[in-house]
Amino acid sequence: MESKIKVMHFVSGLVSGGVEQMLCNYCRFMDHNRYEFVVVYQHEPVIDCLEKIEAAGCKTVRITARCENFLVNLIQAYKVIKKYNPDIVHAHMNLMNFCALFPALLAGVKIRISHSHIAEKDLSLLFWIIGAISKLLIMVSANELIACGYEAGIYMYGKKRMASGKVKLVENAVDLEYFEQNDELRRSFRKRLNIENKFVIGHVGRFTNQKNHMRLIKIFKSILEIESDSILLLVGTGELEADIKREAEILNLEKSILFLGTTKNMKEIYSSIDVFVLPSLYEGFPVVAIEVQAADIPAVFSDTIALTCKITDAVTFLSLDVSDQKWAQTILDVYNNKKINDLKELKNRYDIRGKAQMLDDYYTGAAEKWGRKILKR
C-alpha cells in the first residue's frame, strides 16, 4: 500500500491571522486518508489558533523565530524537514518563503511551493531592496508557485510569470454554510455583551501596522459623533494591541470599544455585526473579505485592498485619503441602504469543498510531475 503524501506547511506564527485560517479551512476539508499535514511555526502561539490547526488534522512543530536568531531558524527548519521527510514543503511566509524553501532544497525535497498571501504597497526604498533580494532567493529555491489572488501573484512573482500561467491561484475559500446569518446567535451574543440595541461595527484582524487600527478607531470616533449608540468590536491579537488600547483611552472611547481577543466561534461574531470595516494599508486577498460576504454583512474596505475581493454588492471601497467623517458617513449609509445580495458567484468560486478538491488535484499533479507515486482514489 502506498504511503500518504506528507505536506509540511511553514508559517510565521499561529496567531489567528488569515494565513492560519486558510490552512485550517483547506486541511480540514482535504482527505486525511491521502494526506498527512505538519505545520511548522515560530513565536508563542495563540492557544485557540493552535487548537484549531490541530483540530483540522495537522501536527504542529515550533522552531526558533527568525527575529531571535536567523541562522538558528534556518538550521532548525532544515532539521525538522530532514526529520519528517515531507514530499511537499509549502511556505506561507511571503517574502520570507525562502527561509523554508532553501533548507527544503538542501534537504532534497522534490516539491517546494512558494505561496504569496499579500500585495504590499508604498514601501520604503530599503524594504524594496530587501524584497527584491528575497524574491530572487524564492525563485531560486521554489519550483512551484501559488498566490491567493492576482494582485498577490504580481507582487511576489511579477506580471510576466502571472501572464505565463506558471502561478497557480488558490483562493482563500471558506465553509460558506458556516457563515450564514443566524438570528438566534445574534440575539444571544449581543445580550451576553450587553449590546442588544447598539449599532455594531466589526473588525477582524491582527493588531499590526498593516491593519491600520489607529485609523479605524478615529473613524469610529466620527461614527459616535453621528450615532452615539455605537460599539466597535475588535477581534484579534497582536503586537500593537496595547498601543490601540491606550489610544482608545486617550480618545475616551474605552467604553465603546470591545477587545474580544481570539475566538473559535466566528459565526456568532459575524452574526452580531451591522457593518464590517477594513481600512488596511495593503492586503492581498484577505480571508475575512470572503467570510464577511458569506455572512452577507455590509462592508467598507479601503481601496488599497485588492478590488477583486468584491464578489457581491455588500462591499464598498473607499480611499484612505478621504476624511474620517467621510468614512463614518459611508459606513452609516451602507447600513441604512443594505442590499439583497446574490451569493451565487461566491458559492461557485469560494466554497471550500470544491477548492479543497482543487488543491488536492494540484498537489497530486505536482507529486506526479516530480516523480512521486500517488495513492489511488
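First, a word on scope: everything that follows refers to the structure included in this document.

### As for the overall build of the protein chain
Here comes step 1: Secondary structure assignment for the protein chain yields 15 helices and 13 strands.
Here comes step 2: Against the compact-globule benchmark of 21 Å for 377 residues, the protein chain has a radius of gyration of 21 Å, which places it among compact chains.
Here comes step 3: Taken along its principal axes, the extent of the C-alpha atoms in the protein chain is 60 × 45 × 40 Å.
Here comes step 4: Put simply, 71% of the contacts in the protein chain that link residues at least 6 apart link residues at least 24 apart.
Here comes step 5: For the protein chain, the exposed area adds up to about 16,900 Å²; of that, 52% sits on carbon and sulfur atoms.

### What about a nonpolar patch on the surface?
Here comes step 1: A contiguous nonpolar surface patch, about 540 Å² in accessible area, is contributed by Leu-125, Trp-128, Ile-129, Ile-133 and Leu-137.
Here comes step 2: Tracing the chain through its elements places Ile-133 in helix H5 (residues 125–141).

### A look at the packing of helix H9 (residues 213–226) against helix H13 (residues 324–336)
Here comes step 1: Viewed as axis vectors pointing N to C, H9 and H13 meet at an angle of 65°, and their least axial separation amounts to 8 Å. By the angle between their directions, the pair H9 and H13 is classed as roughly perpendicular. Between H9 and H13 lies a crossing of right-handed hand. Residue-level inspection shows Arg-215, Lys-218, Ile-219, Ser-222, Ile-223 and Ile-226 of H9 in contact with H13, the latter providing Asp-324, Gln-325, Trp-327, Ala-328, Gln-329, Ile-331 and Leu-332.

### A short note on helix H1 (residues 18–29)
Here comes step 1: The end-to-end C-alpha separation of H1 is 17 Å, in line with the 16 Å expected for 12 residues at 1.5 Å each.
Here comes step 2: In terms of burial, H1 is largely enclosed, as 9 of its 12 residues are buried.
Here comes step 3: Among all positions in H1, only Val-19, Glu-20, Gln-21, Met-22, Leu-23, Cys-24, Asn-25, Tyr-26 and Cys-27 are buried.

### Considering the nonpolar core
Here comes step 1: Counting 68 residues, the largest nonpolar core has Tyr-270, Phe-276, Phe-301 and Tyr-363 as the members making the most contacts within it.
Here comes step 2: In terms of residue count, helix H15 (residues 352–369) provides more of this core than any other element does, 8 residues in total.
Here comes step 3: Ignoring any residue separated from it by four or fewer positions in sequence, one finds Tyr-363 in contact with Val-7, His-9, Met-30, Tyr-35, Phe-37, Ile-88, His-90 and Ile-113.
Here comes step 4: Within the second largest apolar cluster, 33 residues are counted, among which are Val-61, Phe-98, Ala-100 and Val-167.

### A few points about the pattern of salt bridges
Here comes step 1: Overall, the coordinates contain 19 salt bridges when judged by the stated rule.
Here comes step 2: One salt bridge connects Asp-274 with Arg-190, and the closest N-O pair in it is separated by 2.8 Å. Of this pair, Asp-274 sits in the loop between helix H11 (266–272) and strand E11 (275–278) while Arg-190 sits in helix H8 (residues 183–193), and the two are 84 residues apart along the sequence.
Here comes step 3: Judged by its relative accessible area of 6%, Asp-274 is buried.
Here comes step 4: On the basis of relative accessibility, which here comes to 4%, the residue Arg-190 falls in the buried class.
Here comes step 5: A salt bridge links Lys-211 to Glu-283; the shortest N-O distance between them is 2.6 Å. Of the two residues, Lys-211 is situated in the loop between strand E8 (199–204) and H9 and Glu-283 in the loop between E11 and helix H12 (287–294); the sequence distance between them amounts to 72 residues.
Here comes step 6: Because the salt bridges share partners, they merge into one network encompassing Arg-28, Asp-175, Glu-177, Asp-351 and Arg-353.

What counts, and where the lines are drawn
Residue numbers run consecutively from 1 along every chain, following the written order of its sequence. Residue-level local features of this predicted model are given only where pLDDT is at least 70; pairs of side-chain atoms are given and counted only at 80 or more, and the full residue set underlies all totals for whole chains, interfaces and linings. Values shown for side chains rest on all heavy atoms present in the structure; no hydrogens or waters enter the calculation. Segments assigned H or I by DSSP are reported as helices when at least four residues long, segments assigned E as strands when at least two residues long, and all are numbered from the N terminus. For the radius of gyration, the atoms used are the C-alpha atoms, and the globule rule reads 2.2 Å times the number of residues raised to 0.38. We call two residues in contact when some of their heavy atoms are within 4.5 Å. Here, Shrake-Rupley sampling with a 1.4 Å probe gives the accessible areas, and only protein chains in the shown set may cover a residue. Patch definition: residues above 30% relative accessible area lacking any salt bridge, with like charges linked at up to 9 Å and the nonpolar side chains Val, Leu, Ile, Met, Phe, Trp and Tyr linked at up to 5 Å. Salt bridge, as used here: a side-chain nitrogen of Lys or Arg that lies within 4 Å of a carboxyl oxygen of Asp or Glu. To get an axis, a line is fitted to the C-alpha atoms, and for a helix only the part in contact is used. The angle between two axes follows their N-to-C directions and goes from 0 to 180 degrees. When describing relative orientation, an angle under 35 degrees is termed roughly parallel and one over 145 degrees roughly antiparallel, while 65 to 115 degrees is termed roughly perpendicular and anything else oblique. What makes a crossing left-handed is the near helix being turned counterclockwise from the far one by less than a right angle; a clockwise turn instead makes it right-handed. By definition here, a helix of n residues has an expected span of 1.5 Å times n minus one. Buried, partly exposed and exposed residues are distinguished by accessible area as a fraction of the type maximum, computed with a 1.4 Å probe on protein chains only: under 20%, between the cut-offs, and over 50%, respectively. Among buried residues, those of type Ala, Val, Leu, Ile, Met, Phe, Trp, Tyr and Cys that are joined through side-chain atoms within 4.5 Å constitute a nonpolar core.

Function cannot be read off these values alone, since they describe shape.
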